[in-house]
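The lines below spell out each chain.
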Amino acid sequence: MDLSVVKNKVCALVRECGMVMLNADRSEAMIDAKSGHQNFVTTYDKMIQDMLKEGLGKILPEAAFVGEEDEIHSYASKGLAFIVDPIDGTTNFIKDYKRSCVSVGLVEDNEPVMGVIFNPYTDEMFSAVKGEGAFCNDKQIHVTDQPLDNALVLFGTAPYYEDMQTRVFELAQKSLRKCIDVRRGGSAALDMVDVAAGRAEIYFEPRICPWDIAAGAVIVREAGGVVTNMDGGEISLGGYGSICASNGVTTIADIEAC
Ligand code: LIP
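Every value quoted in this text rests on a predicted model; they were computed, and no experiment measured them.

Can you explain helix H4 (residues 162-175)? Please cite residues and give values.
One turn of an α-helix holds 3.6 residues; hence residues three or four places apart share an orientation. End to end, H4 covers 21 Å across 14 residues, agreeing with the expected 20 Å (1.5 Å per residue, within 8%). Looking at H4, one finds that the buried residues are Met-164, Val-168, Leu-171, Ala-172 and Ser-175. The buried side chains of H4 occupy one side of the element, clustering within an arc of 100° when seen end-on. Those residues of H4 that are exposed and angled more than 90 degrees off the buried face are Glu-162, Asp-163, Thr-166 and Gln-173. The elements touched by buried residues of H4 are strand E10 (152-155), strand E11 (181-183), strand E12 (202-208) and helix H7 (252-256).

Laid out in structure tokens, this is it:
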């Protein structure tokens, strides 16, 4: 199996899904509530997930499929699995905030080996295969070598994870004592490719799902960055966990020390 060939086919499929986002018929009817405060899903999340499930099944039939909008999430720790967020940044999509993307990660024995993230608003296709570098469209991308005092710090949290908010805003406030600024963009996948492309130095979030980070993990690593949980350990692709994607020079420890 040539993962570069798989990646190119996935890029074409993800681009089609991005066009569905751009041509969405915006109405209240497209929005459903999920469990938890201000947690939403739209008919487009579900439509695009169905497109991806069908298309990925044709590209790599032997790979399992784990999608954010599945009723039940079954994680195969062995073999190949696509881990998919049909629209990452759903709340942004609902508000037409124009910071959302389609994210498809491929893991092998729970190790991210291929990632594709498409931002239809900027027409930027971020992609990587393990060992082959990271790209935005056809241009190779790389993290910066900047420390915290010259860093743009990205972070995430969620209205439905009330118990996580104090720590994450404390870290953001501490960052501001040294960094050049902070941002909360609302899409983990786009935050991760911003780090990979050298547009920011670090992104962290205390509770995130596998589909938000599976693709970004391989793209950041192939761009020379570091991807761990917020304690410096392995990220979790079998359930919730924290995330820290950085250039390896700006660190959570630097922020904690501010
Ligand atoms: C979103 C993440 C974001 C997080 C949001 C939400 P979704 O994913 O990308 O980083 O802060 O709470 O989880 O739900 O839009 O696919």
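Could you give me a rundown of the site of the ligand, with the residues and numbers involved?
Close contacts around the ligand come from 17 residues, with Asp-88, Thr-90, Arg-184, Ala-188 and Glu-205 the closest. Contact between the ligand and Thr-157: an oxygen atom at 2.8 Å from a main-chain N or O atom of the residue. In this structure, Glu-205 approaches the ligand through a side-chain N or O atom, which is 2.6 Å from an oxygen atom. Burial of the ligand by the surrounding chains reaches 92%, relative to a free accessible area of 380 Å². Mapped onto the shell around the ligand, the elements with two or more residues apiece are strand E4 (80-88) and E12. Residue composition of the shell around the ligand, grouped by class: 6 nonpolar, 5 polar and 6 charged.

Could you give me a rundown of the pairing of strand E7 (residues 124-129), with the residues and numbers involved?
Among the 6 residues in E7, 6 count as buried, and that is most of the element. Alternating positions in E7 separate into two faces, Glu-124, Phe-126 and Ala-128 on one and Met-125, Ser-127 and Val-129 on the other, with burial throughout. Joining the antiparallel neighbours strand E6 (residues 111-119) and E7 is a turn of 4 residues, in which Asp-123 adopts a positive phi near 55°. Note that E7 and strand E8 (residues 134-136) share 3 bridges and pair antiparallel. Paired with Phe-126 across the two strands is Cys-136, which belongs to E8. The antiparallel hairpin formed by E7 and E8 contains 4 residues in its connecting segment, where Gly-131 sits at a positive phi of about 90°.

Can you explain the environment of Asn-23? Please cite residues and give values.
Along the chain, the position of Asn-23 falls in the loop between helix H1 (3-22) and strand E1 (31-33). Judged by its relative accessible area of 63%, Asn-23 falls in the exposed class. Along the sequence, Asn-23 and Met-192 sit 169 residues apart, while their C-alpha atoms lie 25 Å from each other.

Describe in detail the packing of H1 against helix H2 (residues 43-59), supporting the description with residues and values.
A packed helix pair is summarised by two numbers, namely the angle formed by the two axes and the spacing between the axes. For the pair H1 and H2, interaxial distance at closest approach is 10 Å and the crossing angle is 160°. In this view, H1 runs roughly antiparallel relative to H2, as classed from their interaxial angle. The element H1 and its partner H2 pack so that their crossing is right-handed. Taken together, the residues of H2 that come into contact with H1 (itself represented by Val-6, Lys-9, Val-10, Leu-13, Val-14, Glu-16, Cys-17, Val-20 and Met-21) are Tyr-44, Met-47, Ile-48, Met-51, Leu-52, Gly-55, Leu-56 and Ile-59. Of the residues assigned to the contact of H1 with H2, the class counts are 14 nonpolar, 1 polar and 2 charged.

Hey, could you go over the environment of Arg-221 for me, with residue numbers and the actual values?
The topology assignment puts Arg-221 in helix H6 (residues 210-222). Taking the C-alpha atoms as reference points, Arg-221 and Lys-130, 91 residues apart in sequence, are found 8.3 Å from one another. When near neighbours in sequence (up to four residues on either side) are disregarded, Arg-221 contacts Glu-111, Pro-112, Val-227, Glu-234 and Ile-235.

A description of the nonpolar core should follow, citing residues and the corresponding values.
Residues Ile-117, Ile-141, Met-192, Tyr-203, Ile-219, Val-227 and Ile-243 are the most contacted members of the largest nonpolar core, which totals 42 residues. Of all the elements, H6 adds the most residues to this core, at 8 residues. When sequence neighbours within four positions are dropped, the list of residues in contact with Tyr-203 reads Leu-154, Phe-155, Gly-156, Ala-188, Asp-191, Met-192, Val-195, Ile-208, Ile-243, Cys-244 and Ala-245.

If you had to explain the packing of helix H5 (residues 188-196) against H6 to someone new, which residues and values would you point to?
Look at H5 against H6: their axes get within 8 Å of each other, and the N-to-C directions meet at 5°. One element, H5, and the other, H6, form an angle in the roughly parallel class. Taken together, the residues of H6 that come into contact with H5 (itself represented by Ala-188, Ala-189, Met-192, Val-193 and Ala-196) are Asp-212, Ile-213, Gly-216, Ala-217, Ile-219 and Val-220. Here the contact of H5 with H6 is built from residues that sort into 9 nonpolar, 1 polar and 1 charged.

A description of the pairing of strand E5 (residues 101-108) should follow, citing residues and the corresponding values.
Within E5, 7 of the 8 residues are buried, leaving the element largely enclosed by the surrounding structure. For E4 and E5, the ladder comprises 7 bridges, and the chain directions are antiparallel. Among the inter-strand pairings, Ala-81 is bridged to a residue of E5, identified as Val-107. Direction of pairing for E5 relative to E6: antiparallel, over a ladder of 7 bridges. Counted as the bridge partner of Val-102 is Phe-118 from E6. The hairpin formed by E5 and E6 contains 2 residues between the paired strands, and Asp-109 there has a positive phi angle of roughly 50°.

Reading guide: rules and limits
Residues numbered from 1 in each chain as written. Predicted model: local features only at pLDDT ≥ 70, side-chain atom pairs only at ≥ 80, totals over all residues. Heavy atoms only, no water. Helix = DSSP H or I, 4+ residues; strand = E, 2+ residues; numbered from the N terminus. Expected span 1.5 Å × (residues − 1). Buried < 20%, exposed > 50% of the residue type's maximum accessible area, 1.4 Å probe, protein only. Arc of directions from axis to C-beta. Contact = heavy atoms within 4.5 Å. Near = heavy atom within 4 Å. Polar contact = N/O pair within 3.5 Å; in protein donor to acceptor, adjacent residues only side chain to side chain. Areas by Shrake-Rupley, 256 points an atom, 1.4 Å probe, with all protein chains shown as cover. Nonpolar A, V, L, I, M, F, W, Y, C, P; charged D, E, K, R; others polar. Pairing = 2+ DSSP bridges. Axes fitted to C-alpha atoms, helices over the stretch in contact; angles between N-to-C directions. Parallel < 35°, antiparallel > 145°, perpendicular 65-115°, else oblique. Left-handed = near helix turned anticlockwise from the far one by under 90°. Core = buried A, V, L, I, M, F, W, Y, C linked by side-chain atoms within 4.5 Å.

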